[in-house]
Amino acid sequence: MTEVILATSDRAVVPVHALYDGDLAGFLEGRPAFVKAFAETAEFKAKAGQILVLPNTEGGIDRVLFGLGASPVDFMVFRGLPAKLPVGDYKLAVTPAGIRAEQVALAFALGSYRFDRYKQKKAGDKPRLVVDGVDIAEVNSIAHACALARDMVNTPANDLGPLQLETIAREISEQHGASITVITGDGLLEANYPSVHAVGRAAVEARAPRMIEMTWGEAGKPLVVLVGKGVVFDTGGLDIKPSAGMRQMKKDMGGAAAVLGLGRMIMAAKLPVRLTILVPAVENAIAGDAMRPGDILDSRKGLTIEVGNTDAEGRLILADALTRAAELEPDLTLDLATLTGAARAALGPQLPPFYTDDDELAGQIEVAMTQVSDPMWRMPLWKGYVEALDSDIADIKNDPDGWAQAGSVTAALFLQRFAPTGPWAHFDIFAWNPRGRPGWTTGGEAQAIRALYQMIRTRFA
């Protein structure tokens, strides 16, 4: 990712005046007449995200006006700024009241993301922001980790399979001095990851399932375990998805992308924790040896699982990974997964739900997400729906009875049966922007990880 946040510039730097709508009239008073005339002609009212580029007499840019709307404002409004600016270097004339310079810098960096790997014509230079008094390395680290996660989600499955997930994990491990082990193919049965193997065994050998485990940090520090669903493509298995439902299933490894990005943030910042990242990486393919509806699977925990629907495969691989997390006796476990369409039906694409029975942890997550403008919504682990997971012939089933209806809740309840007994939270993310707008391009999105980074940094300070 090209750096767009700078401490200094050797070019002419254009001032940007970020204005609340209530401050516009006062700003225009005393300005040259042409400024007011341009604002009136362009009907610039300082609405949130509105921009006005004012030319100078040499044909360049004199200054830029950027609308914030009503006060207070979400600082992520600055995420839309780079998409609207011509190439050049810019600097806020004054940091607006209620917003910090590092927030502006991060929003600007996130909004500068582009994915043009497969385009013959690349995006080229981007506008850059010059900032004072900001930890630029921290801003760039977070922005780069988010960009990595988005790149992974955007990359099609023909170029990002289980092996490529492993390769990315190995690169991150090497960069930050972490150790990594990978168990592949039939080795998963020998190592007691039977559900991971069952979901991924129908893929061709080059895309064999695997369990990726990364470890980092000093002994004696609190242990944080991150678990990410790594289904690189989900056909639905024998319960095959319709074509419309399969179109974006390259993003079904969004949980894996998220935990690798979050892990990279934690390691780059050298937070005072030990870290383990667990990624079960599979392709839910269709072949003669694919798991079938009605099959009974073993799990690492010893619970048998009845497969009622082969398209509810994410929770199967997470069951083994969460059991492995429990064996490590972590101080905190977080799992992220593009798990259910029910979560989108409940809250839409921009607001992922999270689940935990730990009120203290939930409160810390809610504080952090507000601080960094990374929205989520706590949903209940409603015990009245637990019986919907009962199986007549196994210990549990992966498709709940229809009477429960709450598909995201029942998926979380399924995972809770395998999760560690200590602090644990599950995040049912979408990892995708279905509607493009300035600063939020259509495609992969890094959801929840900025909030979780902030929470971890605070919790273990």
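Before any of the text, the structure's been laid out above.
Quick caveat: nothing in here was measured; it's all calculated off a predicted structure.

Student: I'd love a proper account of the packing of aromatic side chains, names of residues and values included.
Tutor: For the structure on display, the rule yields six aromatic pairs. A centroid spacing of 6.2 Å and a plane angle of 90° characterise the contact between phenylalanine 34 and phenylalanine 38, whose relative ring orientation is edge-to-face. Here the residue phenylalanine 34 and the residue phenylalanine 38 both occupy positions in helix α2 (residues 33-41), the gap between them amounting to four residues, near one helical turn. Measuring from ring centre to ring centre gives 6.1 Å for phenylalanine 115 and tyrosine 118, while their planes differ by 55°; the resulting arrangement is tilted. The ring of tyrosine 193 is capped by arginine 300, whose NZ or CZ atom sits 4.2 Å from the centre of that ring. Positioned above the aromatic ring of tryptophan 440 is the side chain of arginine 437, whose terminal nitrogen or guanidinium carbon lies 4.5 Å from the ring centre.

Student: For unusual backbone geometry, give the residues involved together with the corresponding values.
Tutor: Proline 72 follows serine 71 through a cis peptide bond whose omega is 0°. Here proline 72 shows up in the loop between β4 (61-69) and β5 (89-92). You will see that glutamine 405, though not glycine, has its phi angle at about 65°, which is positive. In this fold, glutamine 405 is placed in the loop between β17 (396-397) and α13 (407-416). You will see that alanine 431, though not glycine, has its phi angle at about 65°, which is positive.

Student: For the packing of helix α4 (residues 136-154) against helix α14 (residues 449-459), give the residues involved together with the corresponding values.
Tutor: For any two helices packed against each other, the geometry comes down to the angle between their axes and how far apart the axes lie. Running from amino to carboxyl end, α4 crosses α14 at an angle of 135°, the nearest separation of the two axes being 11 Å. The orientation of α4 relative to α14 falls into the category oblique. Two packed elements cross with a definite hand, and for α4 against α14 that hand is right-handed. Residue-level contacts link Glu138, Ile142 and Cys146 of α4 to Ile449, Arg450, Tyr453 and Arg457 of α14. By residue class, the composition of the contact of α4 with α14 is four nonpolar, no polar and three charged.

Student: Tell me about the side chain of glutamine 103, and please be specific about residues and values.
Tutor: Its place among the elements puts glutamine 103 in helix α3 (residues 101-111). Taking relative accessible area as the criterion, glutamine 103 reaches 10% and is therefore assigned buried.

Student: Talk me through the sheet that holds β17; I want residue IDs and the actual numbers.
Tutor: Spatially, three strands are ordered β12-β13-β17 in an open sheet, and the strand pairing comes out mixed. Looking along the sheet, the strands with just one partner apiece sit at the ends: β12 (296-297) and β17. As paired elements, β12 and strand β13 (residues 305-306) share two bridges and run antiparallel to each other. Bridge pairing in β13 places isoleucine 296 opposite glutamate 306.

Student: Describe helix α9 (residues 254-269), listing the residues and the values that go with them.
Tutor: Each α-helix winds once per 3.6 residues, and so residues spaced three or four apart point in a common direction. Between its terminal C-alpha atoms α9 stretches 23 Å, which fits the 22 Å expected from 16 residues at 1.5 Å a residue. A positive backbone phi angle near 55° is found at lysine 270, which sits one or two residues after α9.

Student: Outline the sheet that holds strand β2 (residues 13-20), listing residues and values.
Tutor: Pairing within the open sheet is mixed, and its six strands lie in the order β1-β6-β5-β2-β4-β3. Edge positions in the sheet fall to β1 (5-6) and β3 (51-55), since each has one partner strand and no second. Pairing geometry for β2 and β4, over five bridges, is parallel. Within β4, the residue paired with tyrosine 20 across the bridge is glycine 69. In the packing of α2 onto the sheet, contacts are made with β3 and β4, and the angle to β3 comes to roughly 140°.

Student: Mind laying out the pattern of salt bridges, listing which residues take part and the relevant values?
Tutor: Using the criterion set out here, one finds 25 salt bridges in the structure. Linked by salt bridges that have partners in common, Glu213, Arg300, Arg324 and Glu327 make up one network.

Student: So, the packing of helix α5 (residues 162-176) against α9: which residues are in play, and what are the values?
Tutor: Contact pair α5 / α9: the axes reach a minimum separation of 10 Å and the direction vectors enclose 5°. With respect to their mutual orientation, α5 and α9 come out roughly parallel. Taken together, the residues of α9 that come into contact with α5 (itself represented by Leu165, Ile168, Ala169, Ile172 and His176) are Ala256, Leu260, Arg264, Met267 and Ala268. Its residues placed into classes, the contact of α5 with α9 shows eight nonpolar, one polar and one charged.

Criteria and cut-off values
Residues numbered from 1 in each chain as written. Predicted model: local features only at pLDDT ≥ 70, side-chain atom pairs only at ≥ 80, totals over all residues. Heavy atoms only, no water. Phe/Tyr/Trp six-rings, centres within 6.5 Å; stacked < 30°, edge-to-face > 60°. Helix = DSSP H or I, 4+ residues; strand = E, 2+ residues; numbered from the N terminus. Lys NZ or Arg CZ within 6 Å of the ring centre and 35° of its normal. Axes fitted to C-alpha atoms, helices over the stretch in contact; angles between N-to-C directions. Parallel < 35°, antiparallel > 145°, perpendicular 65-115°, else oblique. Left-handed = near helix turned anticlockwise from the far one by under 90°. Contact = heavy atoms within 4.5 Å. Nonpolar A, V, L, I, M, F, W, Y, C, P; charged D, E, K, R; others polar. Buried < 20%, exposed > 50% of the residue type's maximum accessible area, 1.4 Å probe, protein only. Pairing = 2+ DSSP bridges. Expected span 1.5 Å × (residues − 1). Salt bridge = Lys/Arg side-chain N within 4 Å of Asp/Glu carboxyl O.

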